[in-house]
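# Architecture and fold: a report
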Amino acid sequence: MFSDDPDETGLAVVAGELAPLAVRMRPRTLDEVVGQDHVLGPKAPLRRLIQGAGAASVILYGPPGTGKTTLALLISQATGRRFEALSALSAGVKEVRAVIDSARRRLINGEQTVLFIDEVHRFSKVQQDALLDAVENRIVLLVGATTENPSFSVVGPLLSRSLVIQLRSHTEESIGGLLDRAVADERGLAGDVKLEEEARAHLIRVAGGDARRALTALEAAAEAAVDGAITLEVVEGALDRAAARYDRAGDQHYDVTSAFIKSIRGSDVDAALHYLARMISAGEDPRFIARRLVVHASEDIGMADPQALLVATAAAQAVQLIGMPEARLALAQATIHLATAPKSPAVIAAIGAATADINAGKAGLVPPHLRDGHYAGAAKLGNAQGYQYPHDTPGGVLPQQYPPDELIGVDYYHPTEHGHEREVKSTLAKLRRIVRRQS
């Protein structure tokens, strides 16, 4: 069922003594799996599948190091099926069809196949379509692994034939448990080293919820252990990074994050880069950093530099696409752009003011001429009657009521004189005069 040879994803299916620690410590049974309790409950579909009571194909969606390959192997083991693995980084339609043809021949002899495809989101539509018939007719039980939302990266027909399971990053508690098990277990370090508490805490921080990263770091530290002890200094040296005094779950997390955002807001690019480096070095989740940059781009910059949101969003996408450590460059670029951009709080003030009016009950009827008219009887109700199409006028703007009666003449957006908003302010004044029939 399993072999000692590396599978086509480049991972050894069964760990020999020379296999990496992360491979040797891969769970062999469902009871050894930690960190995914939300999908492994007593009656959860994934548990039933791993226990051999289900037959649905599945797409495992989640961050790196959350056990996608492990779960695929457990499904194969539980169902007694042959395990075949492909990586979307190297396999094409030819390789997919070859595996399916082999699976079809095995099926004649009563042997079923689990086909694991790593990075399935990287398959083209043609490659994904090549799987449809085999999945639908259960020639293979597909287990796809992806770090991207399958709703956007997997074709609809394949998605509808599969059970989608979202995995979560490991908690600090579960990463700590994995480290402790690896230190003590005969498959791991067999108790030959002692992991000191400060070193353990640092390994948990640098893991960032990724079990593979945690065990790889532990293995590197174990090889450098002095007198059988893995100290903080040993971990620092093995990982070639300083252990910043930073607690991702405590005050330092909030203090450094606050200082990071306030430095960007204050246009101190050097301080912002310091705090960025501090978060990265301490193992802060890069997705968290990217989300803060995206929020800041609208909250503190907004229309003063409309490109800021695009840059921040691109950095967030780069984090998802390439991961760390390379993604630190995109985070740094976005930080520099945002710190040096002109600032304006007008966007957050505008939506805040509009929301306050809604909460105060200022939500009158939509003017009749703006209502939907695409149904029988709309005209009799007076809906969509008298609406004037702006594009029919030379300037593309004409006098017309848009807000409810209660809000005519209310201004929510007040652009500043900073950056691009200086131009927006002048344009907005002209637009309001035309639309509101002001002289």
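Notes on the structure follow.

Moving on: the overall build of the protein. Looking only at helices and strands, the protein has 19 helices and seven strands in total. Viewed in the frame of its principal axes, the protein has a C-alpha envelope of about 85 × 60 × 40 Å. Looking at the protein residue by residue over its 439 residues, the buried ones come to 46%. Partitioning the contacts of the protein with sequence separation of at least 6, the portion at a separation of at least 24 is 70%. Carbon together with sulfur atoms contributes 53% to the accessible area of the protein, which is approximately 22,400 Å² in total. Of the side chains in the protein, 47 bear a positive and 54 a negative charge, and the two mean positions are spaced by 7 Å.

Glancing now at the environment of V33. Structurally, V33 can be placed in the loop between α1 (21–24) and α2 (45–50). A relative accessible area of 15% places V33 in the buried class. In this structure, the C-alpha to C-alpha distance between V33 and T66, residues 33 residues apart in sequence, is 10.0 Å. Among all residues touching V33, those that are not within four sequence positions of it are P27, L40 and L74.

The next subject is the packing of aromatic side chains. Each pair of aromatic rings is reported with the distance of its centres and the angle of its planes. This model, assessed by the stated rule, comprises one aromatic pair. Between the aromatic rings of F83 and F116, the centroid separation amounts to 6.2 Å while the plane-to-plane angle is 25 degrees, which identifies the pairing as stacked. Separated by 33 residues along the polypeptide, F83 in strand β2 (residues 82–87) and F116 in strand β3 (residues 113–118) bring together distant segments of the chain. Here F116 falls in the buried class, since its relative accessible area comes to 0%.

For the rest of this paragraph, the subject is a nonpolar patch on the surface. A surface patch of nonpolar side chains, amounting to about 310 Å² of accessible area, comprises Y387, Y389 and Y402. Following the sequence through the fold, Y402 ends up in the loop between α18 (346–359) and α19 (421–435).

We now examine the packing of helix α10 (residues 197–207) against helix α11 (residues 211–223). Put simply, α10 and α11 touch, their axes get as near as 8 Å, and they point 140 degrees apart. Considered as vectors, α10 and α11 are oriented oblique to each other. Between α10 and α11 lies a crossing of right-handed hand. Residue-level contacts link L203, V206 and A207 of α10 to R213, A214, A217 and L218 of α11. Here the contact of α10 with α11 is composed, by residue class, of six nonpolar, no polar and one charged.

Pairing is parallel across the open sheet formed by five strands, whose spatial order is β2-β3-β4-β1-β5. Where the open sheet ends on each side, the last strands, each with one partner, are β2 and β5 (162–166). Ignoring strand direction, the axes of neighbouring strands in this sheet form an average angle of 15 degrees. Bridge count between β3 and strand β4 (residues 141–146): four bridges; the pairing is parallel. Along β4, the bridge assignment pairs I117 with G144.

All right, on to the side chain of R106 then. Within the secondary structure, R106 sits in helix α4 (residues 93–108). Discounting residues that sit within four places of it in the chain, R106 has contacts with R82, E84, E111 and T113.

For helix α15 (residues 286–301), which comprises 16 residues, the first-to-last C-alpha distance of 21 Å matches the rise-based estimate of 22 Å (1.5 Å per residue) to within 8%. Among the residues making up α15, those that are buried are P286, F288, I289, A290, L293, H296, A297, D300 and I301. Note on α15: the residue one or two positions beyond its end, G302, has a positive phi of about 55 degrees.

In this structure the tally under the stated criterion is 20 salt bridges. Linking D180 and R200 is a salt bridge whose minimum nitrogen-to-oxygen distance equals 2.9 Å. Of this pair, D180 sits in helix α9 (residues 172–184) while R200 sits in helix α10, placing them 20 residues apart in sequence. Note on D180: relative accessible area 37%, which makes it partly exposed. Relative accessible area serves as the criterion here: at 18%, R200 is assigned to the buried category. The closest approach of N and O atoms between E417 and R422, which form a salt bridge, is 3.9 Å. Exposure remark for E417: the relative accessible area of 41% places this residue in the partly exposed category. Judged by its relative accessible area of 47%, R422 falls in the partly exposed class.

About the criteria used
Each chain has its residues counted from 1, following the order in which its sequence is written. A pLDDT threshold of at least 70 governs which residues receive local features in this predicted model, and a stricter bar of 80 or more applies before side-chain atom pairs are shown or counted, although totals over entire chains, interfaces and linings include all residues. Excluding hydrogens and water, the side-chain figures rest on all heavy atoms present in the structure. Only DSSP runs of H or I reaching four residues or more are called helices, and only runs of E reaching two or more are called strands; each is numbered from the N terminus. Each residue is assigned to one of three classes by its accessible area relative to the maximum for its type, calculated with a 1.4 Å probe on protein chains only: buried under 20%, partly exposed between the two thresholds, exposed over 50%. In what follows, a contact means two residues having at least one pair of non-hydrogen atoms within 4.5 Å. Here the open area of atoms and residues is found with the Shrake-Rupley method and a 1.4 Å probe, where only the protein chains shown may cover a residue. All tallies of charge rest on Lys and Arg as positive and Asp and Glu as negative; His and the ends of each chain are not included. Note that the charge is assigned to NZ on lysines, CZ on arginines, CG on aspartates and CD on glutamates. Within 6.5 Å between ring centres, the rings of Phe, Tyr and Trp (the latter by its six-membered ring) count as paired, and their orientation is classed by plane angle as stacked under 30 degrees, edge-to-face over 60, tilted in between. For patch detection, residues must exceed 30% relative accessible area and be free of salt bridges, and they are connected within 9 Å for like charges or within 5 Å for nonpolar side chains (Val, Leu, Ile, Met, Phe, Trp, Tyr). Just to be clear on terms, a salt bridge is a Lys or Arg side-chain nitrogen sitting within 4 Å of an Asp or Glu carboxyl oxygen. Interaxial angle, 0 to 180 degrees, is taken between N-to-C directions of lines fitted to C-alpha atoms, where a helix line uses only the stretch in contact. Each angle receives one of four descriptions, namely roughly parallel if under 35 degrees, roughly antiparallel if over 145, roughly perpendicular if within 65 to 115, and oblique otherwise. Left-handed describes a crossing in which the near helix is turned anticlockwise from the far one by less than a right angle; the clockwise case is right-handed. Under the convention adopted here, Pro, Cys and the residues Ala, Val, Leu, Ile, Met, Phe, Trp and Tyr are nonpolar, Asp, Glu, Lys and Arg are charged, and Gly plus all remaining residues are polar. Strand pairing is assigned whenever DSSP identifies at least 2 bridges connecting the two strands. How far a helix is expected to stretch is found by multiplying one less than its residue total by 1.5 Å.

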